[in-house]
Amino acid sequence: MELVPVYTPSTKTLVVGESFTPSLVLFGCGGHLTYSDAFQWSAIDSTIIRVDSLSGTTTGLRPGLALVLATGTRFGPLGWMSVTVRAP
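In short, a report on the structure.

So, on to the sheet that holds strand 5 (residues 33-35). Strand order in the open sheet made by the three strands is 1-4-5, with antiparallel pairing throughout. Each edge of the open sheet is held by one strand with a lone partner, namely strand 1 (4-8) and strand 5. Across the sheet, the axes of successive neighbouring strands diverge by a mean angle of 40°, strand direction being ignored. Pairing of strand 4 (residues 23-28) with strand 5 involves three bridges; the strand directions are antiparallel. By the bridge assignment for strand 5, leucine 26 is matched with tyrosine 35.

Right, let's get into the side chain of serine 82. Within the secondary structure, serine 82 sits in strand 10 (residues 76-86). Those residues in contact with serine 82, other than ones at most four positions away along the chain, are Ser10, Thr11, Lys12, Leu65, Ala66 and Leu67.

In this structure, Leu24, Phe39, Trp41, Ile49, Val68 and Val83 are the most contacted members of the largest nonpolar core, which totals 18 residues. Broken down by secondary-structure element, the contributors of at least two residues to this core are strand 4, strand 6 (39-44), strand 7 (49-51), strand 9 (64-72) and strand 10. Setting aside residues up to four positions removed in sequence, valine 68 forms contacts with Tyr7, Trp41, Ser42, Ile49, Val51, Thr58, Gly79, Trp80, Met81 and Val83.

Parameters and conventions
- Residues numbered from 1 in each chain as written.
- Predicted model: local features only at pLDDT ≥ 70, side-chain atom pairs only at ≥ 80, totals over all residues.
- Heavy atoms only, no water.
- Pairing = 2+ DSSP bridges.
- Helix = DSSP H or I, 4+ residues; strand = E, 2+ residues; numbered from the N terminus.
- Axes fitted to C-alpha atoms, helices over the stretch in contact; angles between N-to-C directions.
- Contact = heavy atoms within 4.5 Å.
- Core = buried A, V, L, I, M, F, W, Y, C linked by side-chain atoms within 4.5 Å.
- Buried < 20%, exposed > 50% of the residue type's maximum accessible area, 1.4 Å probe, protein only.

This is the structure in structure tokens:
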């Protein structure tokens, strides 16, 4: 099965202390179908960003580049999006 995860936004730049909540849609069959899943969100490098595991809300902690990851209950790991955090 072809499964294409699409994060919105695909990348994000934050200022330290700023937050946003990404969304994720799973497309299949050349984009003709969408699939549902429950996601658990996490961060690669939690010293740069904090990610709420249930909502995905991401907060910049210090300048740098980190990744937000979504893992689906049904489909498993679903790629990542990059987050750049800048100084205020």
